[in-house]
Amino acid sequence: MTTDTGAELQRDHAGRLRHLLTLEGLSRDELTHLLDLAQFYVRVPGEVPARDQGLWGRTVANLFFEPSTRTRVSFELAAKRLGADVVNLDMQSSSRVKGETVLDTIYTLQAMLVDVFVMRDAEPGLPAYVAAHVAPHVSVVNAGEAHVSHPTQGLLDVLTIRQRKGDLGNLSVAIVGDLSHSRVARSTGRALLTLGVGDLRLVSPPSLMLEPHALAGASRHHSLAEGIKGADVVMTLRIQHERMSAEDKLDAAAFYREWGLSAENLKHARPDAIVMHPGPMNRGVEITSDVADGPHSVIRQQVTNGVAVRMAVLSTIVRNVQERNVEAGRRAV
Ligand code: ASP
């Protein structure tokens with residue numbers, strides 16, 4: 001299995017999105033369409049959630065081979081609010097552990113009329129591999145693939161920035177911290193670049209920077225103060241210990257001293273800067289509690305937007321598959 005596959009595979013013969021495996025290759029118009037649809041579904045706490053019957057009669061299976069709270073629950077709520085049946089499989093205690101191949105599990109669920117597989121895995125390549133093998137009416141959505149990509153997180157991040165700051169073309173966005181292990185940095189950075197962000201900065205210690213050619217067009221910085229200077233958006237990332245080998249393990253206290261986002265060093269950013277974090281947060285490591293819970297933080301808004309974005313993605317791919325089926329049916333008569 002290769003990394004960051006799927007840009008071609010995720011489209012049908014007519015170029016429609018049938019799966020969402022990666023944000024690589026999505027055009028500005030496609031991203032904008034998904035964001036506009038997500039915006040239509042956004043409701044804030046206290047309001048009745050948006051509902052729609054776009055997935056009525058359909059079945060969505062959540063297959064998470066890595067732990068997840070926000071993403072798994074928001075995919076479940078998104079599917080239910082679109083009228084789907086939802087099954088959640090705890091893949092950490094699944095048949096894969098008993099020796100069944102992932103494809104056998106997929107074919108078993110497909111035989112029970114599952115239409116959409118939402119998948120998360122610690123190894124690169126699984127969503128594309130499954131997408132290459134499912135039946136033509138079945139879709140796969142990548143809900144987090146190793147360090148490689150997390151497309152719905154990328155969408156919810158740019159939706160949050162757009163809501164708070166408007167036109168991306170005028171903005172400086174700094175992504176800070178453990179970039180090298182972050183699928184969020186890769187997907188959010190890709191979406192920002194495609195949408196024409198004014199200034200994208202990657203800010204991390206050299207050992208945690210992205211590989212040399214990733215996110216071409218972004219500038220790279222190895223000092224927190226310099227990297228976030230005058231930024232409109234500061235997005236800090238979780239230290240992902242689970243992706244570090246024993247010899248790469250970080251000293252959390254030392255990281256905090258140099259890289260922790262505190263109220264004091266947030267003063268380098270613009271006075272009206274927003275602070276983002278994909279969660280789960282290591283408070284007192286990459287971010288202090290006063291920043292995470294303070295007036296600049298839009299972290300809970302990101303979570304709210306996560307449900308709306310996942311509704312937009314699920315309804316778009318299911319509608320595209322239905323269109324394809326209608327066309328195929330017409331050709332058959
Ligand atoms: N929840 C995000 C992800 O799944 C960020 C993180 O885990 O640090 O990638």
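Our structure is the block above this text.
The shown structure was predicted, so the numbers you read here are calculated from the model rather than taken from an experiment.

Here is what the cut-offs are and how they apply
- Residues numbered from 1 in each chain as written.
- Predicted model: local features only at pLDDT ≥ 70, side-chain atom pairs only at ≥ 80, totals over all residues.
- Heavy atoms only, no water.
- Near = heavy atom within 4 Å.
- Polar contact = N/O pair within 3.5 Å; in protein donor to acceptor, adjacent residues only side chain to side chain.
- Areas by Shrake-Rupley, 256 points an atom, 1.4 Å probe, with all protein chains shown as cover.
- Nonpolar A, V, L, I, M, F, W, Y, C, P; charged D, E, K, R; others polar.
- Helix = DSSP H or I, 4+ residues; strand = E, 2+ residues; numbered from the N terminus.
- Expected span 1.5 Å × (residues − 1).
- Buried < 20%, exposed > 50% of the residue type's maximum accessible area, 1.4 Å probe, protein only.
- Pairing = 2+ DSSP bridges.
- Axes fitted to C-alpha atoms, helices over the stretch in contact; angles between N-to-C directions.
- Contact = heavy atoms within 4.5 Å.
- Salt bridge = Lys/Arg side-chain N within 4 Å of Asp/Glu carboxyl O.
- Core = buried A, V, L, I, M, F, W, Y, C linked by side-chain atoms within 4.5 Å.

Draft legend 1. The site of the ligand, seen in detail. Near the ligand you find Arg-120, His-150, Arg-183, Val-184, Arg-238, Pro-278, Gly-279 and Pro-280, and these make up its full shell. At 3.1 Å, a side-chain N or O of Arg-120 approaches an oxygen atom of the ligand. A distance of 2.8 Å separates an oxygen atom of the ligand from a polar side-chain atom of Arg-183. Considering the ligand on its own, with 260 Å² of exposed area, one finds that the protein chains cover 93% of that surface. Of the residues contributing to the shell around the ligand, the split by class is three nonpolar, two polar and three charged.

Draft legend 2. Quick peek at helix 7 (residues 183-194). For helix 7, spanning twelve residues, the distance from its first C-alpha to its last is 17 Å, which sits close to the expected 16 Å at 1.5 Å a residue. Along helix 7, ten of the twelve residues are buried, which leaves the element largely enclosed by surrounding structure. Every buried residue of helix 7 is listed here: Arg-183, Val-184, Ala-185, Arg-186, Ser-187, Thr-188, Gly-189, Arg-190, Ala-191 and Leu-192. N-capping of helix 7 is provided by Ser-182, with a side-chain oxygen placed 3.2 Å from the backbone N of Val-184. A positive phi of about 80 degrees marks Gly-196, the residue just after helix 7.

Draft legend 3. Here's a closer look at the sheet that holds strand 6 (residues 199-203). Pairing within the open sheet is parallel, and its five strands lie in the order 7-6-5-8-9. At either end of the open sheet lies a strand with only one pairing partner, and these are strand 7 (219-221) and strand 9 (274-276). In this sheet, neighbouring strand axes are inclined to one another by 20 degrees on average, regardless of whether the strands run parallel or antiparallel. Bridge count for strand 5 (residues 172-176) against strand 6 is five bridges, and the pairing is parallel. Opposite Ala-174, over in strand 6, you have Arg-201 as the bridge partner.

Draft legend 4. The arrangement of the sheet that holds strand 2 (residues 85-90) in detail. Spatial strand order, 2-1-3-4: four strands in an open sheet with parallel pairing. The open sheet terminates on both sides in strands that have one partner only, identified here as strand 2 and strand 4 (139-145). Strand-to-strand, the axes of this sheet are offset by a mean angle of 15 degrees, without reference to chain direction. Pairing between strand 1 (residues 59-64) and strand 2: six bridges, direction parallel. Each residue of the ladder has a partner; that of Asn-62, found in strand 2, is Asn-88. Packed onto the sheet, helix 4 (residues 102-111) meets strand 1, strand 2 and strand 3 (116-121) and runs at close to 155 degrees relative to strand 3.

Draft legend 5. Quick look at the pattern of salt bridges. Within this structure, the stated rule accounts for 21 salt bridges. Here Arg-16 and Glu-327 are joined by a salt bridge, their closest N and O atoms 2.9 Å apart. In this pair, Arg-16 sits in the segment before helix 1 (28-41) while Glu-327 sits in helix 12 (residues 299-332), placing the two residues 311 residues apart along the sequence. Under the relative-accessibility criterion, Glu-327 is labelled partly exposed at 26%. The partner of Asp-199 in a salt bridge is Arg-201, with the nearest N and O atoms 3.0 Å apart. Here the salt bridges do not stand alone but share partners, grouping Asp-12, Arg-16, Arg-319, Glu-323 and Glu-327 into one network.

Draft legend 6. Molecular detail of unusual backbone geometry. Looking along the chain, the bond that leaves Gly-279 and enters Pro-280 is cis, with omega of -5 degrees. Its location among the elements puts Pro-280 in the loop between strand 9 and helix 11 (289-292). You will see that Leu-113, though not glycine, has its phi angle at about 70 degrees, which is positive. Tracing the backbone shows Leu-113 in the loop between helix 4 and strand 3. A positive phi angle is found at Leu-215, which is not glycine, with a value near 50 degrees. Checked against the element boundaries, Leu-215 lands in the loop between strand 6 and strand 7.

Draft legend 7. Just the side chain of Ser-180, in detail. Mapped onto the elements, Ser-180 comes out in the loop between strand 5 and helix 7. The class for Ser-180 is buried, based on a relative accessible area of 16%. Within polar-contact distance, the side chain of Ser-180 engages the side chain of His-181 at 3.4 Å. Those residues in contact with Ser-180 that lie beyond four places of it in its chain are His-147, Arg-186, Ser-207, Leu-208, Met-209 and Leu-210.

Draft legend 8. Here's a closer look at the nonpolar core. Ranked by internal contacts, the top residues of the largest apolar core, which has 63 residues, are Val-141, Leu-155 and Leu-314. The element contributing the most residues to this core is helix 12, with nine residues. The residues contacting Leu-314, other than those within four sequence positions of it, are Leu-55, Phe-75, Ala-78, Ala-79, Leu-82, Val-116 and Val-141. By size, the runner-up hydrophobic cluster in this structure holds 22 residues, among which are Ile-228, Ala-231, Ala-273 and Val-285.

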